[in-house]
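Okay, here's what each chain looks like letter by letter:
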Amino acid sequence: MCGVFGYVGQSTDVGDAVVTALKTLEYRGYDSWGIAVSTPDRLIIDKSVGRINGHHRAYPEGCIGFGHTRWATHGGATRANAHPHRDCSGSIAVVHNGIIENHTALRAALIARGHQFTSETDSEIVAHLVEEQLATGESFASAVADSFDRLHGYNAIVVMDRVGQQLAATKCVSPLVIGQGALASTIASDSIALRGHADQLVFLEDHHLAVLTKNGTDFYERSTMKPLSPCAIPNNNRQESIELGDYPDFLSKEVSEQPGTLRRLIDEAHQEITELAVKLRAAKRVVLVGSGTAGNAAIAGTYVFSQLCRRDVSFFPASEFRYRSAILDSESLVIALSQSGETVDVLDAMTDARARGSQLAAIVNSPNSTLNRFVETSVMLRAGVEQCVLATKSYTAMLAVLLLTAYEVREEWDRGAAAVGRATEAVEHVLDRERQAHMFQIARDFADAGNLFVIGRGVHYASALEAALKIKEVSYIHAEGFAAGELKHGVIALIEPGTPCLVFAPQDGTRTDVLTGASELRSRGAKIIGVGSVDDEAFNEFIYIQDAGVATPIVEAVPGQLLGYAAALARGNDPDRPRNLAKSVTVK
Ligand code: G6P
């Protein structure tokens, strides 16, 4: 989860370079941050609890520095637990992403040998391990390699050697990318942070170790320390806009970008979708895998393939994949859905699927992601950088890709493109200023509610799950989505006078039954907020969206996004950085 950035090069304003890069990595964790700037005789460390966004401070001149934005796993969000962490001598510093699974034993052994810890983190262990290895006379690079080999779990570390003015980095699963530029060698947990520093990128492999000095980066095989020359690729991140522009926050910006993303998919993704459709047709069994919002898109996909292609496509939540994967074989196709392409549960699932000989494909937003490099076939979501922790434009893009793929399996691309085109216009319509104001009013009315329920049937069940997820993660109202027919089997006991219930009631075969559910809720005092293209007497409030036929779930996503946003603002919550969450979940 945590954001990591390191710099070795010509700039003497390294502190500014590190702070600027960390601001772009804040989405990975934002409960605390820290930076280190090294001069040959001093190591300056600055740490703080909270967000780095908005932080300005001049640091002493230096040519080497690194920093970290944290999402706490071991030890609370305190200044002492913020990275970087130092060894006992103070000349080795470390930033870390991941979980050191054997940290208890390592820490106890280090303390028994006289090391003094200043934090509760698992990460600090690395600084003391390197310190011990160096004391044996090992080189810095070998000391880092040997220390890393003692860690269990998925980890990425960057270690600073103040005396040698160098950084060493290595990893297992957790991503690290090296930037090579005219003025600096840089390293980060996401290539987005290397904008402006790197022309070429090298994605560090699990068994490699990189050493960054002012002369460039050297790569080694970690077990043998044999030099390597890994392939570099051009840094194509340079053009992507990550600025807010006139928007107050990234959530509202990214919600408004959805029509553009949908149009880009229709215009540009046909070839990639054709390749995915070919694989889908050939496969005996198809499994979709994803987490969070991507999982909700996958659930919608299971309905879409059933309805449009008469295909039994399953969804396995990524974190549950391994407990069900025994049924997979070489005739299976596993399609991972992921915005970041870095969610560790998704990567684990795909590793498992590969071990079972299955075909692998991805529907993914980040072109430089581990997932995209792992699979044979991928469809890019073309949504641009999604900065807000809430997934919005990547969700509607996933729905569009699934729908277009289903039509392509039927060899009816034009019909699919027309359906997504219709949904695009309907999304534009629902984003109209007046309609937004209406939804804001509805959200303000329920902003103090303790519970909120969302129901839908068929593919709109996925819309219900996603709307509830959007509302709960940003407003912190307890919101749950249900298949409308399941409501009577327990949840209805929770309905009290005034409980807000969002009801997806589109013009399709689900309408009559979902309206029956709405009436049952209303009879028990619930306040019904209907979403659809035709009002009904069961509704207390009505959010009008244009009907887009089979592509209506794309349109249905928007009210959930805007209701969550407005409720968050009404409750004084940060819409881009909700508490306890992170955008890229790279730990289990
Ligand atoms: C985190 C994010 C969610 C996201 C999920 C899966 O929980 O907060 O917004 O849906 O990860 O992320 P992915 O990048 O794999 O789509």
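Keep in mind it's a predicted model, so treat the numbers as computed, not measured.

> What's the story with the site of the ligand in this structure? I'm lost.
As a matter of local geometry, the ligand sits amid 13 residues, with T293, S338, Q339, S340 and T343 nearest to it. T293 is positioned such that a nitrogen or oxygen atom in its backbone is 3.0 Å from an oxygen atom of the ligand. In this structure, an oxygen atom belonging to the ligand sits 2.6 Å away from a side-chain N or O atom of S340. The fraction of the free accessible surface of the ligand (380 Å²) that becomes covered by protein chains is 90%. With 3 residues, the top contributor of residues to the shell around the ligand is helix α8 (residues 292-309).

> So what exactly am I meant to see when it comes to the packing of helix α3 (residues 124-135) against helix α4 (residues 140-149) here?
To describe two helices that pack against each other, one gives the angle between their axes and the distance between the axes. With their axes 8 Å apart at the nearest point, α3 and α4 run at an angle of 130° to one another. Between α3 and α4, the angle falls in the class oblique. By crossing handedness, the relation of α3 to α4 is classed as right-handed. In contact with L129, V130, Q133 and L134 of α3, α4 contributes F140, A143, V144, D146 and S147. Counted by class, the contact of α3 with α4 contains 6 nonpolar, 2 polar and 1 charged residues.

> For this particular structure, what's the right way to read the sheet that holds strand β24 (residues 527-532)?
Strand pairing in a sheet relies on backbone hydrogen bonds. The paired strands run either parallel or antiparallel. Ordered by their spatial adjacency, 5 strands build an open sheet running β22-β21-β23-β24-β25, and the pairing between neighbours is parallel. Single-partner strands in this sheet number two, and they are β22 (478-483) and β25 (541-544). Strand-to-strand twist across the sheet, computed as the mean angle between neighbouring axes with direction ignored, equals 20°. Helix-sheet contacts for helix α13 (residues 433-446) involve β21 (451-456), β23 (500-504), β24 and β25, and the interaxial angle to β25 is about 145°.

> How do you make sense of the packing of helix α6 (residues 258-268) against helix α11 (residues 393-409) when you look at a structure like this?
Running from N to C, α6 and α11 cross one another at 30°; their axes reach a closest spacing of 9 Å. On the basis of the axis angle, α6 is roughly parallel to α11. As for the relative orientation of α6 and α11, their crossing is right-handed in sense. Contact residues: Q258, T261, L262 and L265 in α6; K393, T396, A397, A400 and V401 in α11. Class assignment of the residues belonging to the contact of α6 with α11 gives a composition of 5 nonpolar, 3 polar and 1 charged.

> Looking at this model, I keep getting lost on the pairing of strand β6 (residues 92-98). Mind explaining?
Look at any regular strand and the pattern is simple: side chains alternate between the two faces of the sheet. Here β6 lies mainly inside the structure; 7 of its 7 residues are buried. Along β6, one buried face is formed by I92, V94, H96 and G98 and the opposite face, lined by A93, V95 and N97, is buried too. Across 2 bridges, the pairing between strand β5 (residues 85-86) and β6 is antiparallel. Its bridge partner being in β6, H85 is matched across the sheet by V94.

> Sorry, what's going on with the packing of aromatic side chains here?
Any two aromatic rings considered together are summarised by their centre-to-centre distance and by the angle between their planes. Under the criterion given, the structure shown has 5 aromatic pairs. With centroids separated by 5.6 Å and ring planes inclined at 55°, the aromatic side chains of F316 and F321 adopt a geometry described as tilted. Members of the aromatic cluster, each reached through a chain of ring pairs, are F539, F542 and Y544. Just above the ring of F203 sits the side chain of R373; from NZ or CZ to the centre is 3.9 Å. The ring of Y476 has R579 lying over it, and the distance from NZ or CZ to the ring centre is 3.9 Å.

> Looking at this model, I keep getting lost on the sheet that holds strand β7 (residues 155-161). Mind explaining?
Across the sheet, 7 strands lie side by side as β5-β6-β7-β8-β12-β13-β14; this open sheet has antiparallel pairing. Of all the strands in the sheet, the pair left with one neighbour each is β5 and β14 (227-228). Where β7 lies against strand β8 (residues 166-172), 7 bridges are found, and the strand directions are antiparallel. Bridge pairing in β8 links V158 to A169. Seen against the sheet, α4 touches β6, β7, β8 and β12 (208-213) and runs at an angle of roughly 25° to β8.

> Even after reading the chapter, I still don't get the domain arrangement of the protein chain, so can you show me in this structure?
Frequently, the measure chosen for interface size is the accessible area removed from exposure when the parts meet. On domain assignment, one finds that the protein chain holds domain 1 (3-234), domain 2 (243-422) and domain 3 (432-573). A straight line from the C-alpha centre of domain 1 to that of domain 3 covers 45 Å.

What counts and how
Every chain is numbered on its own, with residues counted from 1 as its sequence reads. In keeping with the predicted nature of the model, local features appear solely for residues at pLDDT of at least 70, side-chain atom pairs appear and are counted solely at 80 or more, and the whole-chain, interface and lining totals rest on all residues. The basis for every side-chain value is the complete set of non-hydrogen atoms in the structure, without hydrogens or water. To be near a molecule or strand, a residue needs just one of its heavy atoms within 4 Å of it. Polar contact is the term for a pair of N or O atoms within 3.5 Å; when the atoms are in protein, one must be able to donate a hydrogen and the other to accept it, and sequence-neighboring residues count only if both atoms are side-chain atoms. We get accessible surface area from the Shrake-Rupley algorithm with a probe of 1.4 Å; when it comes to residues, only the shown protein chains can shield them. Secondary structure elements follow DSSP: runs of H or I no shorter than four residues count as helices, runs of E no shorter than two count as strands, and numbering proceeds from the N terminus. Orientation is described by lines fitted to C-alpha atoms, with helices fitted over the stretch in contact, and by angles between N-to-C directions that extend from 0 to 180 degrees. When an angle is under 35 degrees it counts as roughly parallel; over 145 it counts as roughly antiparallel; between 65 and 115 it counts as roughly perpendicular; any other value is oblique. Crossing handedness is read from the near helix: turned anticlockwise from the far helix by less than a right angle, it gives a left-handed crossing, and turned clockwise, a right-handed one. Here a residue-residue contact requires only that any non-hydrogen atoms of the pair lie within 4.5 Å. Ten residue types, Ala, Val, Leu, Ile, Met, Phe, Trp, Tyr, Cys and Pro, are classed as nonpolar, four, Asp, Glu, Lys and Arg, as charged, and the remainder, Gly among them, as polar. Any two strands with at least two DSSP bridges between them are considered paired. Each residue gets one of three labels from its accessible area relative to the maximum for its type: buried under 20%, exposed over 50%, partly exposed in between, using a 1.4 Å probe on protein chains only. We call Phe, Tyr and Trp rings a pair once their centres come within 6.5 Å, taking the six-membered ring for Trp, and we label the pair stacked below 30 degrees between planes, edge-to-face above 60, and tilted otherwise. Charge over a ring is defined by NZ of Lys or CZ of Arg lying within 6 Å of the ring centre and within 35 degrees of the ring normal. Where each domain begins and ends is defined by an automated method or by a domain database.

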